[in-house]
Amino acid sequence: GALIRVANDRFPQELKLQIYQALRMIQTKGGPSAKGFQVNMQTTYTKALGDPASTLASRRVIMDNLLLLVESLPRIDPIVKDLTAMIDGSKIDGD
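Residues numbered from 1 in each chain as written. Predicted model: local features only at pLDDT ≥ 70, side-chain atom pairs only at ≥ 80, totals over all residues. Heavy atoms only, no water.

1. A word on the overall build of the chain
In step 1: Secondary structure assignment for the chain yields five helices and zero strands.
In step 2: Going from the N terminus to the C terminus, the chain shows its helices and strands as α-α-α-α-α.
In step 3: Each of the 95 residues in the chain was classed as buried or not, and the buried ones make up 33%.
In step 4: Taking the intrachain contacts of the chain between residues at least 6 apart in sequence as the baseline, contacts between residues at least 24 apart amount to 61%.
In step 5: When the accessible area of the chain is evaluated, it comes to approximately 5,900 Å², of which 60% is carbon and sulfur surface. (Helix = DSSP H or I, 4+ residues; strand = E, 2+ residues; numbered from the N terminus. Buried < 20%, exposed > 50% of the residue type's maximum accessible area, 1.4 Å probe, protein only. Contact = heavy atoms within 4.5 Å. Areas by Shrake-Rupley, 256 points an atom, 1.4 Å probe, with all protein chains shown as cover.)

Laid out in structure tokens, this is it:
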């Protein structure tokens, strides 16, 4: 839980990239025990995609993590809704 909370704090992008990679390992190695973090991971990843300071490398890892998350969710409606809102709104690249 602590990794998820600090991922959206004001840290250098290099550190955030490491946090996102650690979250990916939790998703892949944690299996069913990581299911309790899915909602928090979804929020973290969608916020991170909209972060104007995020690097291309970070966004690639975030997208990979989102795809892993989608594969393990019974319903993807909330993620699709969040991503659609980002596209329709002004949340991408801080525009």
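Now that the structure has been shown, we can carry on.
2. Remarks on the nonpolar core
In step 1: Core analysis: the biggest nonpolar cluster contains 17 residues, and Tyr-20, Leu-23, Met-41, Tyr-45, Ile-62, Leu-66 and Leu-69 have the highest contact counts within it.
In step 2: Only helix H1 (2-7), helix H2 (13-30), helix H3 (38-49), helix H4 (56-72) and helix H5 (77-88) provide two or more residues apiece to this core. (Core = buried A, V, L, I, M, F, W, Y, C linked by side-chain atoms within 4.5 Å.)

3. Details of H3
In step 1: The end-to-end C-alpha distance of H3, which contains 12 residues, comes to 16 Å, matching closely the 16 Å that a straight helix rising 1.5 Å per residue would cover.
In step 2: Inspection of H3 places Gln-38, Met-41, Gln-42, Thr-44, Tyr-45, Thr-46, Ala-48 and Leu-49 among the buried residues, and these make up the whole buried set. (Expected span 1.5 Å × (residues − 1).)

4. Focus: the confidence of the model for the chain
In step 1: Across the chain, the average pLDDT comes to 83, with 87% of residues at 70 or higher.
In step 2: The spread of mean pLDDT over the elements of the chain runs between H1, the lowest at 68, and H4, the highest at 91. (pLDDT = per-residue confidence, 0-100.)

5. Quick notes on the packing of H3 against H4
In step 1: Two numbers describe how H3 lies on H4: the axes approach to 10 Å, and their chain directions differ by 150 degrees. Between H3 and H4, the crossing angle belongs to the class labelled roughly antiparallel. Between H3 and H4 lies a crossing of left-handed hand. On H4, the residues that touch Gln-38, Met-41, Gln-42, Tyr-45, Ala-48 and Leu-49 of H3 are Arg-59, Ile-62, Met-63, Asn-65, Leu-66, Leu-69 and Ser-72.
In step 2: Class assignment of the residues belonging to the contact of H3 with H4 gives a composition of eight nonpolar, four polar and one charged. (Axes fitted to C-alpha atoms, helices over the stretch in contact; angles between N-to-C directions. Parallel < 35°, antiparallel > 145°, perpendicular 65-115°, else oblique. Left-handed = near helix turned anticlockwise from the far one by under 90°. Nonpolar A, V, L, I, M, F, W, Y, C, P; charged D, E, K, R; others polar.)

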